[in-house]
Amino acid sequence: MYANAYLENPVLSDASKPLIDASVPVLRQHGLAITQLFYRNMFEERPELTNLFNMGNQANGSQQQSLAAAVFAYAANHRNAEALGPVLERIVHKHVSVGLKPSHYAIVGKHLLGAVKTTLGEAATPELMTAWDEAYWVLAGELIAAEARLYQSTNGGPDHRVPVRVVQRKQQSDDIVSFTLAPVGDGKLVDFAPGQYVSVVVELSPGKFQQRQYSLSDAPNGNTWRISVKVERGDAERPVGTVSNWLHRNADEGTVLMVSQPYGDFAPSIEGDTPVALLSAGVGITPMISALNTLAQRNPNRRVVFAHAARERSQVAHIEDVVAAVAKLPKLSTHYFLESGEPATIAGGKALPGRMAVERVLAEVGTDCDFYLCGPLPFMQVQRAALEGHGVAAHRIHREVFGPDLLDDIL
Ligand SMILES: Cc1cc2nc3c(=O)[nH]c(=O)nc-3n(C[C@H](O)[C@H](O)[C@H](O)COP(=O)(O)OP(=O)(O)OC[C@H]3O[C@@H](n4cnc5c(N)ncnc54)[C@H](O)[C@@H]3O)c2cc1C
Ligand code: HEM
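Residues numbered from 1 in each chain as written. Chains lettered and ligands numbered in written order. Predicted model: local features only at pLDDT ≥ 70, side-chain atom pairs only at ≥ 80, totals over all residues. Heavy atoms only, no water.

Asks: In this structure, what is going on with the packing of helix H1 (residues 16–45) against helix H5 (residues 102–120)? I would like to understand it.
Replies: Helix-helix packing: each pair is described by the crossing angle between the helix axes and the interaxial distance. Orientation of H1 relative to H5, taken along the N-to-C sense of each, is 130 degrees, at an axis distance of 8 Å. Looking at the two axes, H1 sits oblique to H5. Between H1 and H5 lies a crossing of right-handed hand. Mapping the contact onto sequence places Val26, His30, Ala33, Ile34, Leu37, Phe38, Asn41, Met42 and Glu45 in H1 and Ile107, Val108, Lys110, His111, Leu112, Ala115, Val116, Thr118, Thr119 and Leu120 in H5. Of the residues that constitute the contact of H1 with H5, the class distribution is 12 nonpolar, 5 polar and 2 charged. (Axes fitted to C-alpha atoms, helices over the stretch in contact; angles between N-to-C directions. Helix = DSSP H or I, 4+ residues; strand = E, 2+ residues; numbered from the N terminus. Parallel < 35°, antiparallel > 145°, perpendicular 65-115°, else oblique. Left-handed = near helix turned anticlockwise from the far one by under 90°. Contact = heavy atoms within 4.5 Å. Nonpolar A, V, L, I, M, F, W, Y, C, P; charged D, E, K, R; others polar.)

Here you go:
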């Protein structure tokens, strides 16, 4: 959408470019330490920002890794707008969905550059710090401008939230409950592109907020939105998930939730006649169900392969949607893979034992097909490698990550 608008005129000065280039290996080495220190100092000085950030990602380390990755990616690619465009696009959508404001950039800039200086010690010469200050603000300027454009395009703004009422709550599998959301009063819900998500804000205790993204899990219909939330139960090493448990516990029919407008740049193709493969694992099924239901409405003659992997039969969600899609899309084929190996018939077909084998999909549609992946990071890494190994062009493979993206394809 906005990718071509980024960094059309790179404005990093000639004095800064070699310093930025030379600091890439140093940043790679210290990136994680820098971002950890940055977050610690920032939250100490501005504790109210813990309402904005995903503190689950802070606790499990994934956000810290992601910011480090973004800094490396920028340093390594400041001459290469093509590689940076899609990365920035994803960040912009995420930022806008959580309500980022231009004024936040000065706070992050102060603490990020402060942490670079502290971590590098004597190596942080005044020239290097000037170059990084410049680089940070070039990047921040791009993000602020793109975020303003995106807010404008949705008639939103950083403080804009849509009140929605839960009108239906439905158990979709052992762990996944779907919530159908209707506007409160005379409000109207905007349409969205299949693949997009909303940020849901919950007040955990007075004045203490958290927000999480949930992909919309049905076709746009002008009246309601639907999200499907997997409860993160936790285990010996990991605490239970904060917001998913809050929603499963509290969001009964009638509950009013505050959510963002739909955002996100993962957009399975609906129109056209190139075959399309929707490959998911676990709760990664949600954007695929939205795409499948939209294809059934708008382009029922499309050749579609839907493949889904789960640990066991009881964890397979949205079977009713798939059964309905099979009836509407004559050129749809479905494949289910169960790691448990238990015998099961799902949506009219026999589930296969083990992990997803993309060869099954390729045997039907070949490599001249658009592939969409969503699931845990290891699932997507394995499937992407398998697809590329079979000759699928990288530009044909698209993915959604249900957490901060590790940006591994440009690092
Ligand atoms: C674009 C996008 C779309 C998404 N769509 C969906 C969707 O459709 N459905 C869905 O269910 N989810 C979706 N998600 C994921 C969702 O946003 C949440 O991340 C998820 O619900 C978990 O949030 P939580 O608050 O329950 O868990 P959190 O409290 O955020 O915890 C997350 C994980 O970190 C672990 N953790 C927390 N603290 C620690 C610690 N101290 N040490 C070790 N581990 C720790 C937890 O055990 C848990 O496994 C999506 C995410 C994104 C980015
Ligand atoms: C140049 C500056 C910045 C860069 C490079 C950057 C980078 C990123 C990246 C890579 C992500 C993860 C995107 C994904 O989901 O894959 C992210 C998410 C996020 N960023 Fe930024 N960011 C910047 C500035 C800011 C600022 C100024 C704030 C607010 C103070 C902020 C708040 C957030 C929040 C709240 C998220 C959502 C995920 C979470 O909370 O874990 N960011 N950013």
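That shown, we press on.
Asks: What exactly am I supposed to notice about the sheet that holds strand E14 (residues 397–400) here?
Replies: One key point about sheets: their strands pair by backbone hydrogen bonds, in either a parallel or an antiparallel sense. Spatially, 6 strands are ordered E12-E9-E8-E7-E13-E14 in an open sheet, and the strand pairing comes out parallel. If you trace the sheet from one side to the other, it starts and ends with strand E12 (352–353) and E14, each paired once. Inspection of the sheet shows strand E8 (residues 304–310) paired to strand E9 (residues 332–338) by 7 bridges, in the parallel sense. Looking across to E9, one finds that Ala310 is bridged to Leu338. Helix-sheet contacts for helix H8 (residues 285–298) involve strand E7 (276–281), E8, E9 and strand E13 (370–374), and the interaxial angle to E7 is about 150 degrees. Strand contacts of helix H11 (residues 377–389): E7, E8, E13 and E14, with the helix running at about 160 degrees to E13, the strand carrying the most contacts. (Pairing = 2+ DSSP bridges.)

Asks: Looking at this structure, how should I read the site of ligand 1?
Replies: What surrounds ligand 1 is a group of 26 residues, the closest being Gln213, Tyr214, Pro239, Val243 and Ser244. The side chain of Asn60 places a nitrogen or oxygen atom 2.8 Å from an oxygen atom of ligand 1. Here an oxygen atom of ligand 1 and a backbone polar atom of Lys230 are 2.8 Å apart. In isolation ligand 1 exposes 970 Å². Once the protein is present, 86% of that is buried. Taken together, the elements giving at least two residues each to the shell around ligand 1 come down to helix H2 (55–60), strand E4 (208–215), strand E5 (225–230) and helix H7 (242–250). A total of 4 residues in the shell around ligand 1 trace back to one element, the largest contributor, which is E4. In the shell around ligand 1, the residues fall into 9 nonpolar, 11 polar and 6 charged. (Near = heavy atom within 4 Å. Polar contact = N/O pair within 3.5 Å; in protein donor to acceptor, adjacent residues only side chain to side chain. Areas by Shrake-Rupley, 256 points an atom, 1.4 Å probe, with all protein chains shown as cover.)

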